[in-house]
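# Notes for the structure review
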Amino acid sequence: MSLFDLTGKVAIITGSSRGIGRAIAEAYADAGAKVVISSRKQPACEEVADAINAKHGEERAVAIAASISDKAALEALVTETRQRLGQIDILVCNAASNPYYGPMAGISDEQFRKIFDNNVLANHWLVSMVAPEMIERKDGAIVIVSSIGGLIGSDVIGAYNVSKAADFQLVRNLAIEFGKHNVRVNAIAPGVIRTDFAKALWEDPKAEAALRRVTPLGRIGEPDEIAGAAVFLASKAGAYVTGQGIVVDGGTTIRGGL
Ligand SMILES: NC(=O)c1ccc[n+]([C@@H]2O[C@H](COP(=O)([O-])OP(=O)(O)OC[C@H]3O[C@@H](n4cnc5c(N)ncnc54)[C@H](OP(=O)(O)O)[C@@H]3O)[C@@H](O)[C@H]2O)c1
């Protein structure tokens, strides 16, 4: 059996109708898992689930919409997943928000709270809903998609970066709490990846050129280049890894701004 095999596993991936979450869901399905495609829009989730099922010629994906801002909707996501697929072996908290771009002095309390609610508290909610069954089975993998923003400062996305730094600490705390139950909790820290979320950072050719200059691999990343780390962390290959943040950024963070 391959170290990276996920046959028989069930994974929920939030924010999987496009971007990094979709790439992770596709890679999990390729590795044999059944995946729950989730975002705020049911038709977009169904489109992705249909494409995955068509590729594999069997039901590997189901679509269940839920906003990460809505605790009751997340409870319904977990309940429906159990009803349709039996159990939850892997949870990927990938969806996040950044409603503000500019210096910290200009952010409203509402925007700051939204960032923390969606990027930190919602992850805590989902983990609390799913971890008990993992703990009971003594088997589970939780992945939180953080960001290299949580490792560095910024003059335009400060509050978002504070929330992503909190995600690194969240996985460390949870890894300590759940370690004795063989439930592993890790983060992935992507660099700039070509998705709608980061459009402002790469759409303008000047901004993309600047990013290329500070990135040793000389380019920004593609969503499927994050998926391998997510498969590693969910599979037997990552069986002794917990509480870590894996940076997948083409080397951007080692440059030191030179
Ligand atoms: N792209 C980058 O450069 C980059 C770098 C570092 C970290 N990240 C992190 O990577 C993760 C994924 O980002 P991405 O770049 O793949 O973004 P994306 O392409 O914009 O996709 C975001 C996904 O999340 C869903 N979503 C947004 N708000 C949601 C909500 N309130 N509830 C449920 N689902 C919601 C979106 O669908 P709907 O809009 O239909 O709900 C979509 O499926 C985020 O945690 C982000 O912070 C991204």
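These notes cover the structure that comes with them.

Here is what the cut-offs are and how they apply
- Residues numbered from 1 in each chain as written.
- Predicted model: local features only at pLDDT ≥ 70, side-chain atom pairs only at ≥ 80, totals over all residues.
- Heavy atoms only, no water.
- Helix = DSSP H or I, 4+ residues; strand = E, 2+ residues; numbered from the N terminus.
- Expected span 1.5 Å × (residues − 1).
- Buried < 20%, exposed > 50% of the residue type's maximum accessible area, 1.4 Å probe, protein only.
- Arc of directions from axis to C-beta.
- Phe/Tyr/Trp six-rings, centres within 6.5 Å; stacked < 30°, edge-to-face > 60°.
- Lys NZ or Arg CZ within 6 Å of the ring centre and 35° of its normal.
- Polar contact = N/O pair within 3.5 Å; in protein donor to acceptor, adjacent residues only side chain to side chain.
- Near = heavy atom within 4 Å.
- Areas by Shrake-Rupley, 256 points an atom, 1.4 Å probe, with all protein chains shown as cover.
- Nonpolar A, V, L, I, M, F, W, Y, C, P; charged D, E, K, R; others polar.
- Core = buried A, V, L, I, M, F, W, Y, C linked by side-chain atoms within 4.5 Å.
- Contact = heavy atoms within 4.5 Å.

### Regarding helix 2 (residues 42–56)
Note that an α-helix has 3.6 residues per turn; residues three or four places apart therefore point the same way. Look at helix 2: 21 Å from first C-alpha to last across 15 residues, which is about the 21 Å you get at 1.5 Å a residue. Regarding helix 2, the residues found buried are Cys 45, Val 48, Ala 49, Ile 52 and Asn 53. Down the axis of helix 2, the sector holding all buried residues measures 135°, keeping them to one side. Opposite its buried face, helix 2 presents the exposed residues Pro 43, Glu 47, Asp 50, Ala 54 and Lys 55, each directed more than 90 degrees away.

### What to know about the packing of aromatic side chains
What the rule picks out here adds up to two aromatic pairs. One cation-aromatic arrangement involves Arg 194 over Trp 202; the distance from NZ or CZ to the ring centre is 5.4 Å.

### Comments concerning helix 3 (residues 71–85)
End to end, helix 3 covers 21 Å across 15 residues, agreeing with the expected 21 Å (1.5 Å per residue, within 8%). Restricting attention to buried positions, one finds in helix 3 the residues Ala 73, Leu 74, Leu 77, Val 78, Thr 81 and Leu 85. For helix 3, the angular spread of the buried residues around the axis is 145°, confining them to a single face. The opening residue of helix 3 is Asp 70, an N-cap whose side-chain oxygen sits 3.1 Å from the backbone nitrogen of Ala 72. A positive phi of about 95° marks Gly 86, the residue just after helix 3.

### Quick look at the site of the ligand
Around the ligand, 28 residues are found, and the nearest of them are Ser 17, Asn 94, Tyr 160, Ile 193 and Thr 195. One of the backbone N or O atoms of Ile 20 is found 2.7 Å from an oxygen atom in the ligand. Within the side chain of Lys 41, an N or O atom sits 3.4 Å from an oxygen atom of the ligand. Here the ligand loses 96% of its free accessible area of 890 Å² to cover by the protein chains. Of all the secondary-structure elements, those providing two or more residues to the shell around the ligand are helix 1 (19–30) and helix 5 (158–178). For the shell around the ligand, the residue count by class is twelve nonpolar, eleven polar and five charged.

### What to know about the nonpolar core
Formed by 35 residues in total, the largest nonpolar core has its most connected members in Leu 74, Leu 91, Ile 142 and Phe 178. Put simply, the parts of the chain that give this core at least two residues each are strand 1 (10–14), helix 3, strand 4 (90–93), helix 4 (109–137), strand 5 (140–145), helix 5 and strand 6 (183–190). The element best represented in this core is helix 4, accounting for eight residues. Leaving out residues up to four positions away in the same chain, Phe 178 has contacts with Val 127, Ala 131, Ile 135, Ile 142, Val 183 and Val 185. Membership of the second largest hydrophobic core comes to 34 residues, among which are Ile 13, Ile 52, Val 145 and Ile 226.

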